[in-house]
Amino acid sequence: MDSEIIEKWFAYWRPLQLGLTSDGQANALTLTLGVFWARCRGGYNLYRWVGDRRPSQPGRIVGAAAAGSLRISSFPYVGHEPSTIYWYLLRAVGGGGVEETTGHQIRRAEFDADGEYVGPHPNPPRMLQVEPILGGRIRLRWSYDPTDEEVAPGRFLIHNDAGTPGVVDYETVVGSVDYAVGRPLFEWTSEVFPDGARVWWVVRSESPDGVVEDNAVSLATEADASGPAVHTGVTASRTDDMS
């Protein structure tokens, strides 16, 4: 246990460097020349990186807050590049400078080509299913898992490749279904397609502010507009067997 605490402490404490590492400066160790911990009541550290959502090690510390804080901001010198997705991780740190190692408090921040913040994304739908039903229509079913969501969806958008076969048109919404908290399954039925038409489908979640997540999970099926085969030559006869 003691060795584990020491390893956590040395993750950013460098006495010989007088607290002049990037994480040491973020934790105000330059004020103590790296000799002792400055926030005696503990607090929070904010990390940031780009790339994988869960890297082996988080990026550098870009923000800090005192114990009891309900809000944390990045330092003024920390900027954001256009067309970039950043990942932020919040960790609590104790009064002795030992920081937790969990990685569950992760949030995404995306910026568009103009450098504008895109906004929180809802989770993508799960367990998408498509099936043909008689009459040439196609039924879609899916579920939604709110675990670790940034924001709940306002509705689901349905896209297909009816315009150009094999290429899903994400600019055209062919249908939508409102989200309901706690609802286990969502369903939507398409218009009529010609018999044998093969159609690809994608369902995406949209936030109440109009931010759409970008999953590309697609499924295809063929429409069935012909109905069951007609049997000819059917005859009926009377029988006395009532068993």
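Described in the following lines is the structure provided in the data block.

1. Re the pairing of strand 7 (residues 155–160)
Burial analysis of strand 7 places 5 of its 6 residues in the buried class, which makes it a mostly covered element. As paired elements, strand 7 and strand 10 (residues 198–206) share 6 bridges and run antiparallel to each other. Residue pairing in the sheet places R155 in a bridge with E206 of strand 10.

2. Notes on the environment of Y44
Looking at the secondary structure, you find Y44 in strand 1 (residues 43–50). Assessed through its relative accessible area of 28%, Y44 is described here as partly exposed. Spatially, the C-alpha atoms of Y44 and L90 are 6.8 Å apart, while their sequence positions differ by 46 residues.

3. Things to note about the packing of aromatic side chains
Within this structure, the stated rule accounts for 12 aromatic pairs. Relative to Y179, the ring of F156 lies with its centre 6.0 Å away and its plane at 80°, an arrangement referred to as edge-to-face. In this pair, F156 is assigned in strand 7 and Y179 in the loop between strand 8 (175–178) and strand 9 (186–189), connecting sequence segments 23 residues apart. For Y179, a relative accessible area of 18% gives the class buried.

Parameters and conventions
Residues numbered from 1 in each chain as written. Predicted model: local features only at pLDDT ≥ 70, side-chain atom pairs only at ≥ 80, totals over all residues. Heavy atoms only, no water. Buried < 20%, exposed > 50% of the residue type's maximum accessible area, 1.4 Å probe, protein only. Helix = DSSP H or I, 4+ residues; strand = E, 2+ residues; numbered from the N terminus. Pairing = 2+ DSSP bridges. Phe/Tyr/Trp six-rings, centres within 6.5 Å; stacked < 30°, edge-to-face > 60°.

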